[in-house]
Amino acid sequence: VMNDIITTMFNKKFMEELFKPQDLYSKKALRTVYDRLAHASIMRLNQASMDKLYDLMTMAFKYQVLLCPRPRDILLVTYNHLDAIKDFISDSPAILNQVDETFRRLIETYNCLSDGEFQLIRQTLLIFFQDMHIRVSLFLKDKVQNSNGHFVLPISGPVPWGTEVPGLIRIFNHKGVEVKRAEFTTAGNYVTPQREGSFELYGDRVLKLGTNMYSVTRPVETHVSGSSKTLASQAKENIAPNPLAKEELNFLARLLGGLDIQKPAGGDTGFRLNLFTSDEEEEHAAQTRPEELSYKVINIEATQEPGRRAELSRILGELDVEEPRPGSAEKGEDLLALMDGL
């Protein structure tokens, strides 16, 4: 399952589309891509478990971006993500090469950006997540999230690399010569970082954001807390029609091939993942989840116009993969088969 999902996620053509300069996805468009990736293998999730998985993913990523010591460390968080993914497929050289190729592309594209450009990226990401305040039990237990779903910024620990521990004010004259110093007491216990994290293909990232939140010393519960009314008031999504919706869906049609995922033909061709402790809890979550928080899967039908059909045919022709994947013929619902096998 992990191999199928990671192979799909790091498909060469898919990565090329993602690396093209473009506007940020809408929440609906991101959810559509996420649904396709999560169902790229024989694993299946129903609506309630899918919603829970998506909520956990978005809040974890928001936490990581929000707590980055400096904007450039967003890249170290991403590298931690990729390092963890590489551990999953360490025994699959072909898939590992796909991930390494994306790694090199990230280094080539982003390592050269200025701190100001990373600040713009961080602000853009936080604006995207600013209305999402879903409470997650792991964060609540670690006291990094308040009961209202807002994250707690630490006032102690290492300061960003390249900065000094606060507590000193320097005053300069018009010639740039230091003429006076003043000290002040800080509320936090700050320390100077020992070294900067590695931005290379291999190395110590130092930063722990983006690593496994569910280590052996942490609880394994993944229950998303909060009543329906609280969730609705804290993370209500704007459901007004988006004037860019048509363009976004057209882009997704190009990105995903405009094809629907077909259900498995037989009863034993897949398994279902339940993120709740019981089926009853999963059903209850699906019934009580506010309508505005539920993401409906968007089935893109892009075959009505002859011109668009020809364009999709051309794109699908480009998505052919020369290396055969054993077993993919019996999983027609696999997103990789939709993107590459047709």
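Residues numbered from 1 in each chain as written. Predicted model: local features only at pLDDT ≥ 70, side-chain atom pairs only at ≥ 80, totals over all residues. Heavy atoms only, no water.

Going by the annotation in an unreviewed UniProt entry, the name recorded for the protein is OSCP1 protein, with Copsychus sechellarum given as the source organism.

K.L.:
I'd like a description of the overall build of the protein, backed by residues and values.
P.N.:
A count of helical and extended segments in the protein gives 13 helices and eight strands. Per-residue burial over the protein gives 39% buried out of 342 residues. Nonlocal contacts in the protein, meaning residues at least 24 apart in sequence, comprise 73% of its contacts between residues at least 6 apart. Counting every atom, the protein has about 19500 Å² of accessible surface; 56% of that belongs to carbon and sulfur. (Helix = DSSP H or I, 4+ residues; strand = E, 2+ residues; numbered from the N terminus. Buried < 20%, exposed > 50% of the residue type's maximum accessible area, 1.4 Å probe, protein only. Contact = heavy atoms within 4.5 Å. Areas by Shrake-Rupley, 256 points an atom, 1.4 Å probe, with all protein chains shown as cover.)

K.L.:
Provide a residue-level description of the side chain of Asp51, including the pertinent values.
P.N.:
In this fold, Asp51 is placed in helix H4 (residues 47-66). Looking at Asp51, its side chain comes within polar contact range of the side chain of Arg31, at 3.1 Å. (Polar contact = N/O pair within 3.5 Å; in protein donor to acceptor, adjacent residues only side chain to side chain.)

K.L.:
Account for the packing of helix H3 (residues 27-38) against H4, naming residues and giving values.
P.N.:
Packed helices, taken two at a time, are described by the angle their axes make and the gap between the axes. Interaxial distance between H3 and H4 falls to 11 Å at its minimum, and their mutual angle equals 115 degrees. Accordingly, the angle class assigned to the pair H3 and H4 is roughly perpendicular. Crossing of H3 against H4: the hand is right-handed. Contact residues: Lys27, Leu30, Arg31, Tyr34, Asp35 and Ala38 in H3; Gln47, Met50, Asp51, Leu53, Tyr54 and Met57 in H4. Here the residues of the contact of H3 with H4 are counted per class, giving seven nonpolar, one polar and four charged. (Axes fitted to C-alpha atoms, helices over the stretch in contact; angles between N-to-C directions. Parallel < 35°, antiparallel > 145°, perpendicular 65-115°, else oblique. Left-handed = near helix turned anticlockwise from the far one by under 90°. Nonpolar A, V, L, I, M, F, W, Y, C, P; charged D, E, K, R; others polar.)

K.L.:
Explain the environment of Gly210 to me, using residue names and the numbers behind them.
P.N.:
If you trace the backbone, Gly210 turns up in the loop between strand S6 (190-191) and strand S7 (224-225). Between the C-alpha atoms of Gly210 and His81, which are 129 residues apart in sequence, the distance is 5.6 Å. In contact with Gly210, other than residues within four places in its own chain, are Gln64, Val77, Asn80 and His81.

K.L.:
Quick rundown of the environment of Asn97? Include the residues and the values.
P.N.:
Locating Asn97 in the fold gives a position in helix H6 (residues 93-110). A residue is classified by how much of its surface remains accessible, and Asn97, at 48% relative accessible area, is partly exposed. As a C-alpha pair, Asn97 and Phe10 span 87 residues in sequence and 9.7 Å in three-dimensional space.

K.L.:
Can you explain the pairing of strand S5 (residues 178-183)? Please cite residues and give values.
P.N.:
Where a strand is regular, its side chains alternate between the two sheet faces. Burial of S5 is sparse: only zero of the six residues sit out of reach of the surface. Counted along the chain from strand S4 (residues 168-172) to the antiparallel partner S5, the turn is five residues long, and its residue Gly176 has a positive phi close to 85 degrees. (Pairing = 2+ DSSP bridges.)

K.L.:
Talk me through unusual backbone geometry; I want residue IDs and the actual numbers.
P.N.:
Positive phi is not limited to glycine here, since Lys143 has a value of about 60 degrees. If you trace the backbone, Lys143 turns up in the loop between helix H8 (137-141) and strand S3 (157-158). Overall, Lys143 belongs to the exposed group, its relative accessible area being 67%. Here Val206, not a glycine, exhibits a phi torsion of approximately 65 degrees, which is positive. Tracing the backbone through its elements, the reader meets Val206 in the loop between S6 and S7. The partly exposed category is assigned to Val206, whose relative accessible area is 30%.

K.L.:
Requested: an account of the side chain of Asp73, with residues and values cited.
P.N.:
The topology assignment puts Asp73 in helix H5 (residues 73-88). Filtering out sequence-adjacent residues up to four positions away, Asp73 remains in contact with Cys68, Phe199 and Leu207.

K.L.:
I'd love a proper account of the layout of surface pockets, names of residues and values included.
P.N.:
Its boundaries defined by the atoms lining it, the second largest pocket holds a volume of some 980 Å³. When contributions to the lining of the second largest pocket are tallied by element, the ones reaching two or more residues are H4, H5, H8 and S3. Take the lining of the second largest pocket: its biggest share by element is three residues, from H4. Partitioned by chemical class, the residues of the lining of the second largest pocket number 23 nonpolar, seven polar and 10 charged. (1 Å grid on protein atoms, 1.4 Å probe; cavity = no way out; pocket = protein on both sides within 12 Å on 5 of 7 lines; lining within 4 Å. Points joined across faces, edges and corners; volume = space filled by probe spheres on them.)

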